Amino acid sequence: MAAYERQRILLRFADLVEKHNDELAALETWDNGKPYEQAVNVEVPMFARLMRYYAGWADKIHGMTIPADGPFHVQTLHEPIGVCGQIIPWNFPLLMYAWKVGPALACGNTVVIKTAEQTPLSALYVTRLLHEAGLPPGALNVISGFGPTAGAALCRHMDVDKLAFTGSTETGKLILELSAKSNLKPVTLELGGKSPFIVCEDADIDSAVEMAHFALFFNQGQCCCAGSRTYVHEKVYDEFVEKAKARALKRSVGDPFKQGIEQGPQVDSEQFQKILRYIRSGVDSGATLETGGDQFGEKGYYIKPTVFSNVQDDMLIAQDEIFGPVQSILKYKTLDEVIKRANKSAYGLAAGIFTHNLDTANTLMRALRVGTVWINSFDTFDAAIPFGGYKQSGQGREKGEYSLKNYLQVKAVVTPVKNPAWL
Ligand SMILES: NC(=O)c1ccc[n+]([C@@H]2O[C@H](COP(=O)([O-])OP(=O)(O)OC[C@H]3O[C@@H](n4cnc5c(N)ncnc54)[C@H](O)[C@@H]3O)[C@@H](O)[C@H]2O)c1
């Protein structure tokens, strides 16, 4: 299909998504439990924006001509890889679909996408819209299946040419193994994190508290890049802890379809139980439970917004990805010290820095071994900004121009030139 045709399909798709904004948001909330207001005002509109962004790329993908030594015309062709197997998680079902399907189709590939077992609905609905927009039958197929069966079958399939996965680091390793044991298909991975959020002594405390709260509690704490290690300078530590606790106490928890609700239930009982186990481990290891610590209400997988202070680096709650509404606050003294501690993690997905000092920001942004640094901000997810991890947080980048590389092969073509004018 011509690039312009792919572009037009993606643009029509974006229009249809906008038209069906409210139904898609409702499906997302039913499946996942996230606040409807978040889905309807942010996530579905962002889905349409991502499709328009990738539509824009479709007819701007091309190779180069390269001046080689000797009488040769050398060109590169940027070709689609072929059949892309994509496996997505349950925390942002629609957005993860967009991050993966958008670049794959823009580059001219076909897709088999497996949704998470907890959240199959929105992908099915949105794919119907994609076909309504003109995508030919068979170019994109959705599988609603389980990981170890449907997911693993995709990973080891000899006719799948590329894999893209978002989920836990543990499963990411399995996926690499399945690729290696089958046809060595290239794999991009977007995995877990334990992202530091560093509040420097000169920071504006009120806005740092608000942003650190958002960085951790957004989406019930179920974000791979959640700011889950809040490092606060000792000079502002006491004030910060007091205010972080007050903010968590103010967080509105409840029915995600209700207006003004900031936090819905966790996605399922497995995650709910796992988070409660981590909270118990925090208490047992000697961290100070400032607020929260157990179930919210008596029905459903709701958890009270929880804040721990006096957290030490060697505690489990400071090392593992909890994936829940549990903020861990740690105290630090010097910049060198916090850099070492922030980097001492198997993960390297993102970091937040709160400071007005340009020198401090310059040092931190370079010293932190992470794929994204947000300065005096957090969770800015523009379609054009690349996202991905250092270390065990992943391989490759999604979104932005960088994501196209994942879905293209580069073919070098060499043709001898008889009487080159330049020789
Ligand atoms: N990075 C992220 O965005 C992200 C998203 C979801 C979960 N997580 C982390 O993972 C933890 C566990 O959650 P989970 O169990 O839903 O994640 P997971 O990694 O098991 O699941 C993610 C996706 O991978 C699939 N999958 C699972 N096993 C597979 C296999 N053997 N082969 C192929 N595909 C497979 C699942 O069906 C799902 O679609 C969470 O607590 C959280 O820490 C991270």
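Residues numbered from 1 in each chain as written. Predicted model: local features only at pLDDT ≥ 70, side-chain atom pairs only at ≥ 80, totals over all residues. Heavy atoms only, no water.

Under an unreviewed UniProt entry, the name given to the chain is Retinaldehyde dehydrogenase 3, and the organism recorded is Oldenlandia corymbosa var. corymbosa. Entered under Subcellular location (unreviewed entry) in the UniProt record, the comment concerning the chain runs "Cytoplasm". (UniProt positions renumbered as here; feature names shortened; annotations may be inferred.)

A.B. asks: Provide a residue-level description of the overall build of the chain, including the pertinent values.
C.D. replies: A count of helices and strands for the chain gives 13 helices and 18 strands. Taking the principal axes of the C-alpha coordinates as reference, the chain spans close to 75 × 50 × 40 Å. Nonlocal contacts in the chain, meaning residues at least 24 apart in sequence, comprise 72% of its contacts between residues at least 6 apart. In the form shown here, the chain has an accessible surface area of approximately 18,300 Å², with 55% of it arising from carbon and sulfur atoms. (Helix = DSSP H or I, 4+ residues; strand = E, 2+ residues; numbered from the N terminus. Contact = heavy atoms within 4.5 Å. Areas by Shrake-Rupley, 256 points an atom, 1.4 Å probe, with all protein chains shown as cover.)

A.B. asks: Which residues make up helix α1 (residues 3-19), and what values do they have?
C.D. replies: Relative to the 24 Å expected for 17 residues at 1.5 Å per residue, α1 spans 25 Å between its end C-alpha atoms, a close match to the ideal helical length. Turning to α1, its buried residues number three or more, namely Arg 6, Gln 7, Ile 9, Leu 10, Phe 13, Ala 14, Leu 16 and Val 17. The inward-facing, buried residues of α1 abut α2 (21-32), α3 (36-58), α4 (93-106) and α5 (121-132). (Expected span 1.5 Å × (residues − 1). Buried < 20%, exposed > 50% of the residue type's maximum accessible area, 1.4 Å probe, protein only.)

A.B. asks: Lay out the packing of aromatic side chains with the relevant residues and their values.
C.D. replies: Inspection of every chain in the model, using the stated rule, returns 17 aromatic pairs. Between Trp 374 and Phe 378, the aromatic rings sit 4.6 Å apart at their centres with planes inclined by 50°, giving tilted as the arrangement. Judged by relative accessible area, Trp 374 falls into the buried class, the value being 6%. Here the aromatic cluster, defined as three or more aromatic residues joined through ring pairs, consists of Trp 99, Phe 197, Phe 354, Trp 374, Phe 378, Phe 381 and Phe 387. The ring of Tyr 407 is capped by Lys 162, whose NZ or CZ atom sits 5.5 Å from the centre of that ring. (Phe/Tyr/Trp six-rings, centres within 6.5 Å; stacked < 30°, edge-to-face > 60°. Lys NZ or Arg CZ within 6 Å of the ring centre and 35° of its normal.)

A.B. asks: Give me the packing of α1 against α2: which residues, what numbers.
C.D. replies: Two packed helices can be described by the angle between their axes and the distance between those axes. Packing of α1 against α2 leaves a shortest axis separation of 5 Å and a crossing angle of 75°. By the angle between their directions, the pair α1 and α2 is classed as roughly perpendicular. Between α1 and α2, the residues in contact are Val 17, Glu 18 and Lys 19 and Asn 21, Glu 23 and Leu 24, respectively. Its residues assigned to classes, the contact of α1 with α2 comprises two nonpolar, one polar and three charged. (Axes fitted to C-alpha atoms, helices over the stretch in contact; angles between N-to-C directions. Parallel < 35°, antiparallel > 145°, perpendicular 65-115°, else oblique. Nonpolar A, V, L, I, M, F, W, Y, C, P; charged D, E, K, R; others polar.)

A.B. asks: I'd like to hear about the nonpolar core, residue by residue, with values.
C.D. replies: Grouped together as the largest cluster of nonpolar side chains are 80 residues, with contacts concentrated most on Phe 13, Val 17, Phe 47, Tyr 97, Leu 130, Leu 140 and Phe 240. Take this core: its biggest share by element is twelve residues, from α3. Leave out the neighbours within four places in its chain, and Phe 13 touches Phe 47, Met 51, Val 126, Leu 129, Leu 130 and Ala 133. Phe 272, Ile 317, Ile 322 and Val 338 belong to the second largest nonpolar core, which has 27 residues in total. (Core = buried A, V, L, I, M, F, W, Y, C linked by side-chain atoms within 4.5 Å.)

A.B. asks: Describe the layout of surface pockets, listing the residues and the values that go with them.
C.D. replies: For the largest pocket, the calculated volume is near 1,000 Å³. Around the largest pocket, the lining is made up of 39 residues, and of these Trp 90, Phe 165, Gly 167, Ser 168 and Thr 171 lie nearest the centre. Elements represented by at least two residues in the lining of the largest pocket include exactly α6 (147-156), β6 (162-166), α7 (169-181) and α10 (269-284). Residues belonging to the lining of the largest pocket are distributed by class as follows: 18 nonpolar, twelve polar and nine charged. (1 Å grid on protein atoms, 1.4 Å probe; cavity = no way out; pocket = protein on both sides within 12 Å on 5 of 7 lines; lining within 4 Å. Points joined across faces, edges and corners; volume = space filled by probe spheres on them.)

A.B. asks: Which residues make up the UniProt feature "domain: Aldehyde dehydrogenase" (unreviewed entry) in the chain, and what values go with them?
C.D. replies: Here, UniProt's "domain: Aldehyde dehydrogenase" (unreviewed entry) annotation points to residues 1-413. As annotated, residues 1-413 has a helix share of 40% and a strand share of 20%, and its two end C-alpha atoms lie 22 Å apart.

A.B. asks: Describe a nonpolar patch on the surface, listing the residues and the values that go with them.
C.D. replies: There is a patch of nonpolar side chains on the surface, built from Trp 30, Leu 121 and Phe 257 and spanning about 340 Å² of accessible area. Assignment of secondary structure puts Leu 121 in helix α5. (Patch = residues over 30% accessible without salt bridge, like charges linked within 9 Å, V, L, I, M, F, W, Y side chains within 5 Å. Salt bridge = Lys/Arg side-chain N within 4 Å of Asp/Glu carboxyl O.)

A.B. asks: Explain the sheet that holds strand β18 (residues 408-416) to me, and be specific about the residues and the numbers.
C.D. replies: If you trace the three strands from one edge of the open sheet to the other, you get β1-β2-β18, paired in antiparallel fashion. Strand pairing shows two members of the sheet lacking a second neighbour, β1 (65-66) and β18, which therefore form its edges. Bridge analysis of β1 against strand β2 (residues 72-80) gives two bridges, and the strand direction is antiparallel. Bridge pairing in β2 places Thr 65 opposite Gln 75. (Pairing = 2+ DSSP bridges.)

A.B. asks: Provide a residue-level description of the UniProt feature "active site" (unreviewed entry) in the chain, including the pertinent values.
C.D. replies: Annotation from UniProt places "active site" (unreviewed entry) at Glu 190. For Glu 190, the contacting residues outside a window of four places in its chain are Trp 99, Phe 165, Thr 166, Gly 167, Cys 224, Leu 349, Phe 387, Ser 393 and Glu 398.

A.B. asks: Run through the sheet that holds strand β14 (residues 350-354), naming residues and quoting values.
C.D. replies: Hydrogen bonding along the main chain pairs the strands of a sheet, whether they run parallel or antiparallel. Strand order across the open sheet formed by seven strands is β10-β11-β12-β9-β8-β14-β15, with mixed pairing between neighbours. The sheet is open, and its two edges are formed by β10 (288-291) and β15 (372-375), each paired on a single side. Each strand axis lies, on average, 25° off the axis of its neighbour in the sheet, ignoring direction. The pairing of strand β8 (residues 196-199) with β14 spans three bridges and is classified as parallel. Considered in β14, the bridge of Phe 197 is made with Gly 352.

A.B. asks: Could you give me a rundown of the site of the ligand, with the residues and numbers involved?
C.D. replies: Near the ligand, the surroundings consist of 27 residues, among which Trp 90, Glu 117, Ser 168, Lys 274 and Glu 321 are the closest. The backbone of Ile 88 places a nitrogen or oxygen atom 2.8 Å from an oxygen atom of the ligand. In the environment of the ligand, an oxygen atom lies 2.7 Å from a nitrogen or oxygen atom belonging to the side chain of Glu 321. When isolated, the ligand has an accessible area of 810 Å², and the protein chains bury 89% of it. When atoms are counted within 2 Å of each cavity's grid points, the one that captures over half of the ligand is the largest pocket. Looking at the shell around the ligand, the elements that each hand over two or more residues are β4 (110-115), α6, β6, α7 and α10. Ranked by residue count, the leading element in the shell around the ligand is α6, at four residues. (Near = heavy atom within 4 Å. Polar contact = N/O pair within 3.5 Å; in protein donor to acceptor, adjacent residues only side chain to side chain. Sits in = over half its atoms within 2 Å of the grid points.)

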